Amino acid sequence: MQNNILKSFLFFGCICLLGITSCDKRIEDAYLNPNAPINVPIESILPGVIGGFTAFNSAAGTNYGVQQDDILLGRYIQYWGSTANAENYGKMGGTINSDNTGAIWAAVYYGHGQNVNRIIEWGTQQEKWDFVGVAQAVRAWDWLELTNQYGEAILKEAFNTGQQQFNYDTQPEFYDSCRAYCHRALANLSRTDGNVNPTNLAQSDAYFNGGSIDKWKKFVYGILARSYNDLSSKGIYLTNGYADSAIKYAALSCSSNADNIMATFSVANTSNGFNSYFGPTRGNIGTIRQGAYIADLMSGANDTIFTGVSDPRCWYMLSENKNNTFKGVYPWLGMTQYLSGSTPTNDYPKNFWRNPTVNATTGGSVDSTRYVYRNAGPWPMMTASEMQFTLAEAAFKKGDKATAYAAYINGISLNFDMLTTTYQTNVPASKLITPAMKAAYLADPAIVPLTSAGLTLSHIMCQKYIALFGWGTHQTWTDMRKYHYIDMDNTTGHQVYAGFLPPPTSPINYLLPTNNGKYVYRCRPRYNSEYLYNIPELTRIGALNDDYNTYECWFSQP
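Predicted model only: the values in this text are computed from it and were never measured.

Colleague: Requested: an account of the overall build of the protein, with residues and values cited.
Modeller: Within the protein, the regular secondary structure consists of 20 helices and 10 strands. Scaling as 2.2 N^0.38, a compact globule of 558 residues should have a C-alpha radius of gyration of about 24 Å, and the protein matches this with 23 Å. The C-alpha extent of the protein, read off along each of the three principal axes, is 80 × 50 × 50 Å. By the burial criterion, 58% of the 558 residues in the protein qualify as buried. Contacts spanning at least 24 positions in sequence make up 76% of the contacts within the protein whose residues lie at least 6 apart. For the protein, the accessible area works out to roughly 20,200 Å², and carbon and sulfur atoms hold 52% of it.

Colleague: Explain the packing of helix H7 (residues 171-189) against helix H9 (residues 213-229) residue by residue, including any values.
Modeller: Between H7 and H9, whose axes approach to 10 Å, the crossing angle comes to 160°. Taken together, the axis directions place H7 and H9 in an arrangement best described as roughly antiparallel. Of the two elements, H7 crosses H9, and the hand of that crossing is left-handed. The residues of H9 that touch H7, namely those facing Tyr175, Cys178, Arg179, Cys182, His183, Ala185, Leu186 and Leu189, are Ile213, Trp216, Lys217, Val220, Tyr221, Ile223, Leu224, Ser227 and Tyr228. A class-by-class count of the residues in the contact of H7 with H9 yields 13 nonpolar, two polar and two charged.

Colleague: For the side chain of Thr383, give the residues involved together with the corresponding values.
Modeller: Inspection of the secondary structure assignment puts Thr383 in the loop between strand E8 (379-382) and helix H14 (384-398). Thr383 gets classed as buried once you look at its relative accessible area, which sits at 2%. Looking at Thr383, its side chain comes within polar contact range of the main-chain nitrogen of Glu386, at 3.1 Å. In this structure Thr383 touches Cys254, Asn260, Met418 and Trp471, once residues within four positions along its chain are discounted.

Colleague: A description of H9 should follow, citing residues and the corresponding values.
Modeller: A rise of 1.5 Å per residue sets the reference length of H9, with its 17 residues, at 24 Å; its end C-alpha atoms lie 24 Å apart and thus fit the reference within 8%. The buried count for H9 comes to 14 of 17 residues, which makes it a mostly enclosed element.

Colleague: Requested: an account of the packing of aromatic side chains, with residues and values cited.
Modeller: In the structure shown here, the tally under the stated rule is 46 aromatic pairs. Ring geometry for Trp105 and Tyr168: centres 6.1 Å apart, planes at 35°, overall tilted. Residue Trp105 is found in helix H5 (residues 103-125), and its partner Tyr168 is found in the loop between helix H6 (129-150) and H7; the two are separated by 63 residues along the sequence. Take Tyr168: its relative accessible area is 6%, and that puts it in the buried class. For Arg179, the ring lying beneath its charged end belongs to Tyr242, and the centroid distance is 5.4 Å. Sitting above the plane of the Tyr181 ring, Arg184 keeps its charged end 4.7 Å from the centroid.

Colleague: Give me the lowdown on the confidence of the model for the protein, citing residues and values where you can.
Modeller: Of the residues in the protein, 93% have a pLDDT of 70 or more, and the chain-wide mean is 92. Per-residue pLDDT stays below 50 along residues 1-28; that stretch engages in 64 contacts with residues further than four places along the chain or on separate chains.

Colleague: A description of H5 should follow, citing residues and the corresponding values.
Modeller: Every α-helix carries 3.6 residues per turn, so stepping three or four residues along brings you back to the same face. Between its terminal C-alpha atoms H5 stretches 31 Å, which fits the 33 Å expected from 23 residues at 1.5 Å a residue. A bend of about 55° at His112 is the largest found in H5. Across the 23 residues that make up H5, a large majority, 20, are buried. Glu127 sits one or two residues past H5 and shows a positive phi near 60°.

Colleague: Mind laying out the nonpolar core, listing which residues take part and the relevant values?
Modeller: The biggest cluster of nonpolar side chains holds 154 residues, and the ones touching the most others in it are Tyr109, Trp143, Trp216, Tyr373, Tyr408, Phe469 and Tyr497. Ranked by the residues each element gives to this core, the list is headed by H6, at 13 residues. If we skip the residues at most four places from it in the chain, Tyr373 touches Trp80, Phe278, Gly279, Pro280, Ile285, Met317, Phe352, Trp353, Phe469 and Gly470.

Conventions we followed
- The residue numbers shown here count from 1 along each chain, following its written sequence.
- Only residues with pLDDT of 70 or above have their local features reported here, since the model is predicted, and side-chain atom pairs are shown and tallied only from 80 upward, although totals for entire chains, interfaces and linings are computed over all residues.
- Side-chain figures throughout are based on the complete set of non-hydrogen atoms in the structure, without hydrogens or water.
- Each helix is a run of H or I in the DSSP string that is no shorter than four residues. Each strand is a run of E no shorter than two, and both are numbered from the N terminus.
- Taken over C-alpha atoms, the radius of gyration is set against a globule rule of 2.2 Å times the number of residues to the power 0.38.
- Using a 1.4 Å probe on the protein chains alone, a residue whose accessible area is under 20% of its type maximum counts as buried, one over 50% counts as exposed, and one in between counts as partly exposed.
- Contacts are residue-level and defined by heavy atoms, with any inter-residue pair within 4.5 Å sufficient.
- Under the convention used here, a 1.4 Å probe and the Shrake-Rupley method define accessible areas, while residue burial counts only the protein chains that appear.
- Interaxial angles span 0 to 180 degrees and are taken between N-to-C directions of axes, which are lines fitted to C-alpha atoms, for helices over the stretch in contact.
- Angular relationships are summarised with four words: roughly parallel below 35 degrees, roughly antiparallel beyond 145, roughly perpendicular across 65 to 115, and oblique for the angles in between.
- Two helices crossing with the near one rotated counterclockwise from the far one by less than a right angle form a left-handed crossing, whereas a clockwise rotation gives a right-handed crossing.
- Gly is put with the polar residues, along with every residue not named as nonpolar or charged; the nonpolar set is Ala, Val, Leu, Ile, Met, Phe, Trp, Tyr, Cys and Pro, and the charged set is Asp, Glu, Lys and Arg.
- Between N or O atoms, a polar contact is any pair within 3.5 Å; within protein, one atom must be a potential hydrogen donor and the other a potential acceptor, and residues adjacent in sequence are included only when both atoms are from side chains.
- A helix's residues, less one, multiplied by 1.5 Å, set its expected span.
- Classification of ring pairs uses Phe, Tyr and Trp, with its six-membered ring standing for Trp, and accepts pairs whose centres are within 6.5 Å; under 30 degrees between planes counts as stacked, over 60 as edge-to-face, and the remaining range as tilted.
- Charge-over-ring contacts are defined here by two conditions on Lys NZ or Arg CZ: a distance within 6 Å of the ring centre and an angle within 35 degrees of the ring normal.
- Values of pLDDT, ranging from 0 to 100, describe the predictor's confidence in every residue of the model.
- To obtain the bend at a residue, axes are fitted to the seven residues ending there and to the seven starting there, and the angle between these axes is taken.
- We define a nonpolar core as any set of buried Ala, Val, Leu, Ile, Met, Phe, Trp, Tyr and Cys residues linked to one another through side-chain atoms lying within 4.5 Å.

The structure is reproduced here in structure tokens:
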């Protein structure tokens, strides 16, 4: 990895030297070594670290975090596709000579990197155990997100500033380290001695958990739940008690929408750093349109599951077309499927900023943006609904259908309630969800089977797919890879992700040719560090091969 990426770098790394009047000052005092760690208040470091979860603009990194990568990874799982025809990501491909899909790599090693290390180091010295616990929670999240996206990566040597090249470690080692950090975080977040100061933490954590120790603990429990449930397709999932652990930690995590872990934005002005990366001000998602798969799941057009049921959440989460219906694109086709000659049909969906023009890259003349696509739209990082679906999947795998059934219903209900309490802005008055609409949806046997005996894995995973739509791209991609996109649900004889169609290979091969007929299972390490400086290690793991993006990760292997 490029050495300067892992060098000591702090969010507030530029210090102005004021009032130096003495002529006999030592030269090293007047001209600080730029590579030496400068001891600054950890309270001033944490805001930049938290911003790095999404896509923060700061000295700690520009646009590093989940949101930037989501735009591309969302095409693999067909959350959305580009208006461009046959673009690489819609064909389950990628690029080597680009930093695309490298935002999490940069967030973990650079944006968070030494900043997290310093909060832990200096916070320990200062006995600020709350800050230490928060930083350890961030590091736990980092390791799990990183290894699930890239597979093998740098763990043991990650922050050795004396090296120019770094050895890669295995996924099981990342999972173990993630859990170790989780338990350290929980221990420190439980401390009230030393210089723990709720007011200081709340000020530094104003746009995430608001300084709530309880929510930080729930975040950590949720990371643990994910770390066990992400292994649900492996043989060790039941034999090693991972399903029990997933259930235990999901139950300890977010249980109500008040517990949801949300990144928020001040929108104090039009500067990028004050607005969501997905909002119209920052202009990053104007060319993408919702996928056909999500539109069909929610409109009732899927011919295998939820058939014929119109989901009232459509009007919150998706964009209607000029016909006031919900259609989507196949990512490998772009807009071509809606062209008749040179004229697009009225079925073509508006963009997420609600501009109906086919190739629109901006919002409409009047801002009618909804959901997580608003400048100020809170960005969920973990929700109670997700944890219920996690619990449902784990219980279902254990054969406890009664528990799975209850959690499945709770997961849907919580998602409805999150939308109606947080995301009602710009939803037409006639489309606002009422208690009666929610009750009717949950009473439909096509959505909720009459008894737990009728519940299937497809029910659970497809409703989770809906509940995480728009923000949970990384977790949904992990889930879909666990089931290899098209694995069968033995109960139904249909795919777990019922009706999901990856890019076909016949009669036309729409997969990227270098995939050799295989689906994508990982991203390449970040180009601007690894492919310029770490060639020997990339050669060892096969990352120079054209089809490296199709190498299956450990978490999804049997």
